[in-house]
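# Breakdown of the fold
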Amino acid sequence: MIRRASLYLLERRLEAAGRDPAILARSPNDWGKIGEEVDAWIAESAPALAHAVIAAMSVIDFEAVIIDGSMPQAVRERLVAAVRRRLADHDLRGLPRFDLVEGTLGSQARAMGGACQPLLATFAVDREVLFKEMT
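Residues numbered from 1 in each chain as written. Predicted model: local features only at pLDDT ≥ 70, side-chain atom pairs only at ≥ 80, totals over all residues. Heavy atoms only, no water.

## Things to note about helix H4 (residues 35–59)
The first and last C-alpha atoms of H4 sit 36 Å apart over 25 residues, in line with the 36 Å expected at 1.5 Å per residue. Among the residues making up H4, those that are buried are Glu-37, Val-38, Trp-41, Ile-42, Ser-45, Ala-46, Ala-48, Leu-49, Ala-50, Val-53, Ile-54 and Met-57. Packing partners of the buried residues in H4 comprise helix H1 (2–5), helix H2 (7–16), strand E1 (64–67) and helix H5 (73–88). (Helix = DSSP H or I, 4+ residues; strand = E, 2+ residues; numbered from the N terminus. Expected span 1.5 Å × (residues − 1). Buried < 20%, exposed > 50% of the residue type's maximum accessible area, 1.4 Å probe, protein only. Contact = heavy atoms within 4.5 Å.)

Given below as structure tokens:
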């Protein structure tokens, strides 16, 4: 995925276009006017993400797949829509039904996940709480 659908690829595109890739980290909620590079990145990333979703679903029956990351909401929406279009091109027979949804944590996802792990490991009565079905 690093070579097919990561923000690293978008950084390389920006560098090749003579633009500063630091904008992605400096301002994760507003990338300014880098539309052409983002368009190309989404077009390249969506097929790879669709393939990864299908591969994961063929092994584990997830109820939903969440696409999130350190990017503006509008970019995330476009990426999720592109992955949905790519999934529609595949034969999904034999896979369980699942939802493909847009995440909401954005640039905070890594920190939030990392912060939760020691708390759950130390204080959760049931350590499997993250994997249980919500009722």
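## A short note on a nonpolar patch on the surface
Where nonpolar side chains cluster on the molecular surface, the patch consists of Val-59, Ile-60 and Phe-62 and spans about 290 Å² of accessible area. Checked against the element boundaries, Phe-62 lands in the loop between H4 and E1. You can call Phe-62 partly exposed: its relative accessible area is 35%. (Patch = residues over 30% accessible without salt bridge, like charges linked within 9 Å, V, L, I, M, F, W, Y side chains within 5 Å. Areas by Shrake-Rupley, 256 points an atom, 1.4 Å probe, with all protein chains shown as cover. Salt bridge = Lys/Arg side-chain N within 4 Å of Asp/Glu carboxyl O.)

## Considering the pattern of salt bridges
What the rule picks out here adds up to nine salt bridges. We note a salt bridge from Arg-12 to Glu-15, for which the minimum N-O separation is 2.9 Å. Here Arg-12 pairs with Glu-15, and both are found in helix H2, just three residues apart, close to one helical turn. Owing to a relative accessible area of 29%, Arg-12 belongs among the partly exposed residues under this scheme. One salt bridge in this structure joins Glu-102 and Arg-76, with 3.5 Å as the shortest N-O distance. In this pair, Glu-102 is assigned in strand E2 (residues 99–102) and Arg-76 in helix H5, connecting sequence segments 26 residues apart. Overall, the relative accessible area of 26% leaves Glu-102 in the partly exposed class. One connected set of salt bridges, linked through shared partners, spans Glu-11, Arg-12 and Glu-15.

In short, the description is geometric, and any link to function would need to be established separately.
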